[in-house]
Amino acid sequence: MLQNIRVVLVNTSHPGNIGATARAMKNMGLAELVLVEPRSFPHPDATVRASGADDILAAARVVATLEEAITGCALVMGTSARDRHIPWPLLDPRECGQQAVRQAAEGGRVALVFGREYAGLTNEELQRCHYHVHIPADPEFSSLNLAAAVQVLTYEVRMSWLAAEQLPAIPEKMQSNLRGDQKVTADELELFYAHLESTLVEIGFLDPARPRHLMSRLRRLYGRAGIERKELNLLRGILTETQAVARGLPHKRRDK
Ligand code: SAH
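This is a predicted model, so every value here is computed, not measured.

Chemist: Residue-level account of the site of the ligand, with values.
Modeler: In the vicinity of the ligand there are 20 residues, among which Thr 79, Arg 82, Ile 135, Ser 142 and Leu 144 approach most closely. At a separation of 2.5 Å, an oxygen atom of the ligand approaches a polar side-chain atom of Thr 79. At a separation of 3.0 Å, an oxygen atom of the ligand approaches a polar backbone atom of Gly 115. Starting from 540 Å² of accessible surface for the ligand in isolation, the protein chains cover 92%. Within the shell around the ligand, the residues separate by chemical class into 9 nonpolar, 7 polar and 4 charged.

As structure tokens, then:
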């Protein structure tokens, strides 16, 4: 189950933090590390700080964009040390662990996303996430070291996993009803947002010159809804039909 949960580090500056992250993950039983454009990796400092978790470093994937890093994920949680302009559904680390384990148990892939040492995650990156996670540190000094933040969240994932292990196993018949394969992934959702945005521009609801956070607000709304694949197809169908009408094309149903 823990294999469904990956850690994503965005633009990490210090290779030592990558090594310390690998160690924190391995301690808690996680294995999948994805690095979005790390400044220097592989690096001896990473290996030293991993102290024994070299297998995680060796298997780490380096990718160019956050989008690639979260491909295939049904649940994406982004961490933030401070408040952002548009409030997003916010979890504490315990709730984050519970959500991650619940999703992973249903067969959905989960990403825990961590930001840059000097600047965290951008608003755009945070808006790609279903939830934001904040470690409730002292507000006067709320920014943890990157690998320390990874440790806190992966510890909570492990605690939730251990608690779930105590429960009787879910019979296989019920597992197939849990619909892991019907979960919409982050990349499918991105295609939907692109379709939604172009449709809203086309019908004149969204003015690209004055977007007024409309797409952010819609992302928050749809992200909260936990859309399933069939529902996404329905929404895509509505958009396609809306575009057809806006373009003066004949109506599909009347056509038949
Ligand atoms: N100066 C940055 C701090 C980045 S700390 C900022 O103001 O955002 C590096 C990373 O560690 C963050 O991007 C986040 O992933 C994680 N982190 C640090 N403190 C955290 C906290 N209190 N809650 C959640 N994540 C935290």
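Chemist: Tell me what's going on with the domain arrangement of the protein chain, and back it up with residues and numbers.
Modeler: Each domain of the protein chain was delimited in the assignment, giving domain 1 (2-172) and domain 2 (180-246). Each of domain 1 and domain 2 has a C-alpha centre, and the two are 27 Å apart. In this complex, domain 1 contributes 18 residues to the contact, which on the side of domain 2 involves 14 residues. Taking both partners together, domain 1 and domain 2 bury about 1300 Å²; carbon and sulfur atoms supply 59% of that area.

Chemist: Account for the nonpolar core, naming residues and giving values.
Modeler: Residues Ile 5, Leu 9, Leu 33, Met 77 and Phe 114 are the most contacted members of the largest nonpolar core, which totals 35 residues. Among the elements that line this core, the one with the most residues is helix H7 (residues 146-166), at 6 residues. Contacts of Leu 33, omitting those with residues within four sequence positions, involve Val 7, Leu 9, Ile 18, Thr 21, Met 25, Ile 56, Leu 57, Ala 60 and Arg 61. Formed by 16 residues, the second largest nonpolar core is a distinct cluster that contains Val 34, Val 36, Leu 121 and Leu 126.

Chemist: Tell me about the environment of Gln 166, and please be specific about residues and values.
Modeler: Along the chain, Gln 166 falls in helix H7. Since its relative accessible area comes to 68%, Gln 166 is described here as exposed. Between the alpha carbons of Gln 166 and Glu 95 there is a distance of 18 Å; along the sequence they are 71 residues apart.

Chemist: Can you lay out the packing of helix H1 (residues 15-27) against H7 for me, pointing to particular residues and giving the numbers?
Modeler: Axis separation between H1 and H7 bottoms out at 9 Å; the angle between their running directions is 15°. Classified by the angle their axes make, H1 and H7 are roughly parallel. Classified by chirality, the crossing of H7 by H1 is right-handed. When H1 is examined against H7, the residues Asn 17, Ala 20, Thr 21, Ala 24, Met 25 and Asn 27 are found in contact with a partner set consisting of Leu 146, Ala 147, Val 150, Gln 151, Thr 154 and Arg 158.

Parameters and conventions
- Residues numbered from 1 in each chain as written.
- Predicted model: local features only at pLDDT ≥ 70, side-chain atom pairs only at ≥ 80, totals over all residues.
- Heavy atoms only, no water.
- Near = heavy atom within 4 Å.
- Polar contact = N/O pair within 3.5 Å; in protein donor to acceptor, adjacent residues only side chain to side chain.
- Areas by Shrake-Rupley, 256 points an atom, 1.4 Å probe, with all protein chains shown as cover.
- Nonpolar A, V, L, I, M, F, W, Y, C, P; charged D, E, K, R; others polar.
- Domains from an automatic or database assignment.
- Contact = heavy atoms within 4.5 Å.
- Buried area = accessible area lost by both parts, 1.4 Å probe.
- Core = buried A, V, L, I, M, F, W, Y, C linked by side-chain atoms within 4.5 Å.
- Buried < 20%, exposed > 50% of the residue type's maximum accessible area, 1.4 Å probe, protein only.
- Helix = DSSP H or I, 4+ residues; strand = E, 2+ residues; numbered from the N terminus.
- Axes fitted to C-alpha atoms, helices over the stretch in contact; angles between N-to-C directions.
- Parallel < 35°, antiparallel > 145°, perpendicular 65-115°, else oblique.
- Left-handed = near helix turned anticlockwise from the far one by under 90°.

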